Amino acid sequence: MQSATTRILLVEDHDIVRIATTMLVQETIGHATVDTATNFKEAVHHVSSHSYRLIILDLQIPGTDHLLMIEKLRGLQPETPILIFSGQKEELYGVHCIRAGAAGFVSKESKATELQDAIRVVLKGQKYLSAVVREQLLNSLAQQTASNPAELLSAKELVVMEMLLEGKWTKDIAGRLNLKSTTVSTFKARIFKKLGVNNLLDLAKQVEMYHLSK
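These numbers come from a predicted model, not from an experiment.

Concerning the packing of aromatic side chains
Inference 1: One pass over the full model with this rule turns up 0 aromatic pairs.
Inference 2: Sitting over the ring of Phe 85, Lys 108 keeps its end group 5.9 Å from the ring centre.

Digging into the sheet that holds strand S1 (residues 7-11)
Inference 1: Taken in spatial order, the 5 strands line up as S2-S1-S3-S4-S5 in an open sheet, and their pairing is parallel. Both outer strands of the open sheet, strand S2 (33-37) and strand S5 (104-107), are each paired with one neighbouring strand and no more. Direction aside, neighbouring strands of the sheet carry axes that sit 20 degrees apart on average.
Inference 2: Of the pairings in the sheet, the one linking strand S4 (residues 82-86) to S5 comprises 4 bridges and is parallel in character. Across the sheet, the residue bridging to Ile 84 is Phe 105, located in S5.

How each quantity is defined
Residues numbered from 1 in each chain as written. Predicted model: local features only at pLDDT ≥ 70, side-chain atom pairs only at ≥ 80, totals over all residues. Heavy atoms only, no water. Phe/Tyr/Trp six-rings, centres within 6.5 Å; stacked < 30°, edge-to-face > 60°. Lys NZ or Arg CZ within 6 Å of the ring centre and 35° of its normal. Pairing = 2+ DSSP bridges. Helix = DSSP H or I, 4+ residues; strand = E, 2+ residues; numbered from the N terminus. Axes fitted to C-alpha atoms, helices over the stretch in contact; angles between N-to-C directions.

These figures come from the coordinates and say nothing about function on their own.
Structure (structure tokens):
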């Protein structure tokens, strides 16, 4: 499909997934060189050293936090499309990833053929929108409102919400995101207000309900 010079970066920290995905990429493209990174530091090193036709990125790799990786990698190679391949909930993260600049989102629960389709679409310079993400975007346009409460949150608020739901304390979140504890508390208050909840238990129920009746 592509020339022998096609170079792909796969950012994935799980050995089995990395090996299987590399094989799938090479089967899809033909003569691809697949570089791999197991953490964000390695990913930055690769992107700073080589030009890539495509970056396939897991959201939960060590070294940084979720959506913030997309912005940082795009800053290093603005013309390189980023395809998210993640186990994170597509209903929560799909639209946010697209809005953050990703060229597509594929859930790890998807069939192998969907990832192959996404790779082909993105390499043509197009966006890959799964059925879930497409429906959310269309609903938002049609209703002029968010079809999913998580769509009301900013990227940073979504990261903070995820960490809160993981049971992390405000101080821990502040240290992880290099923020002040008061700033994290402000994010927490905004999240509660936007989603119409008063405590973490209600927040967890709200997110689970929208995990989403889909």
